[in-house]
Amino acid sequence: MNQTADHAALMDRIYRYQRFVYDLSRKYYLLGRDALIQEMDVKPGDHVLEMGCGTARNLILLAKLRPDATLYGIDASQEMLNTAQIKVDRAGLTDRIILKHALAEDVEYGKTFGLDRPFDAVFFSYSLSMIPTWKQAVQTALKNLKPGGTVYIVDFWDQGGWPGWFQGMLKGWLALFHVRHEPELLDYLKTFENAGADRIQIDSIFRRYAFKTRLRKETPSA
């Protein structure tokens, strides 16, 4: 079994039963998701992709906030996508939310979704911390983004503003679900700013419990 199949199988094992209680349980500690969705600059006619869409909870919320946009979601777990499709259908959003089984680093807007143009925005909501190849996932998001488009990210930070016991407890709990904070992630994102290729903004959530990032893809000079 190759790395791609290994990761997909792992996600299916983790979420085979968790998917039924995922939305109820995660709302207490996946902070900043709704704020990120509210802040996303999505215009009528835009195409927006979520990398690691899970149960489609975020896509359904975004669809209600931006009724003229078309939304797309990919996830490594087919089990999660089974639940996601049920939720999308029940919300009456089947024509506006398109879901595919794929890993983030393998996405191609044409090949994966049959689109003839890149996405206007791409977002990760607490999914990068579950993607072993997170660097490639960010690179792929940018490749699938139009010039001037934005990659939005919300995920766990280092809990630097919290006591050591809390940091240890949270990280131990998250490790049970193969979630991990990669200290190198924010350093990697900052390299885009240093290279002058993209513009980035990073905001702390609740004393570095988590962070929000906007990474804008530069528009080529005329």
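As the structure is a computational prediction, the values presented were derived from the model and not from experiment. (Residues numbered from 1 in each chain as written. Predicted model: local features only at pLDDT ≥ 70, side-chain atom pairs only at ≥ 80, totals over all residues. Heavy atoms only, no water.)

Taken as a whole and assessed by the stated rule, the structure comprises 12 aromatic pairs. Aromatic pair Trp-134 and Tyr-188: ring centres 5.7 Å apart, planes at 75°, arrangement edge-to-face. Of this pair, Trp-134 sits in helix α7 (residues 134-143) while Tyr-188 sits in helix α9 (residues 184-195), and the two are 54 residues apart along the sequence. For Trp-134, a relative accessible area of 10% corresponds to the buried category. Residue class for Tyr-188 comes out buried when judged on its relative accessible area of 13%. Consider the rings of Phe-166 and Tyr-209, whose centres lie 6.4 Å apart with planes at 45°: the pair is tilted. Highlighted residues: Phe-166 in helix α8 (residues 164-175) and Tyr-209 in the loop between β6 (198-205) and β7 (210-217), separated in sequence by 43 residues. The cationic tip of Arg-207 hangs over the ring face of Trp-162; the distance from NZ or CZ to the ring centre is 4.2 Å. Stacked on the ring of Trp-157, the Lys or Arg Arg-208 has its end atom at 4.1 Å from the ring centre. (Phe/Tyr/Trp six-rings, centres within 6.5 Å; stacked < 30°, edge-to-face > 60°. Helix = DSSP H or I, 4+ residues; strand = E, 2+ residues; numbered from the N terminus. Buried < 20%, exposed > 50% of the residue type's maximum accessible area, 1.4 Å probe, protein only. Lys NZ or Arg CZ within 6 Å of the ring centre and 35° of its normal.)

Turning our attention to helix α5 (residues 78-90). Its 13 residues give α5 an end-to-end C-alpha distance of 18 Å, which sits within 8% of 18 Å, the value for a rise of 1.5 Å per residue. Of the residues making up α5, those classed as buried are Glu-79, Met-80, Leu-81, Thr-83, Ala-84 and Val-88. With a side-chain oxygen positioned 3.3 Å from the backbone nitrogen of Glu-79, the residue opening α5 is Ser-77. Once α5 finishes, Gly-92 follows within two positions and takes phi at roughly 70°, a positive value. (Expected span 1.5 Å × (residues − 1). Polar contact = N/O pair within 3.5 Å; in protein donor to acceptor, adjacent residues only side chain to side chain.)

Ranked by size, the top nonpolar core spans 36 residues in total, and within it Val-48, Leu-62, Leu-71, Ile-97, Leu-99 and Tyr-209 carry the most contacts. For this core, the secondary structure elements donating two or more residues are α3 (33-39), α4 (57-65), α5, β3 (97-101), β4 (119-125), β5 (145-156) and α8. Looking at this core element by element, the count peaks at 4 residues for α4. (Core = buried A, V, L, I, M, F, W, Y, C linked by side-chain atoms within 4.5 Å.)

Mapped onto the elements of the fold, Asn-58 is located in helix α4. For Asn-58, a relative accessible area of 5% gives the class buried. Engagement of the side chain of Asn-58 in a polar contact is seen with the side chain of Glu-50, the distance being 3.0 Å. Apart from residues no more than four positions distant in its own chain, Asn-58 is found in contact with Arg-33, Ile-37, Glu-50, Phe-123 and Ser-125. (Contact = heavy atoms within 4.5 Å.)

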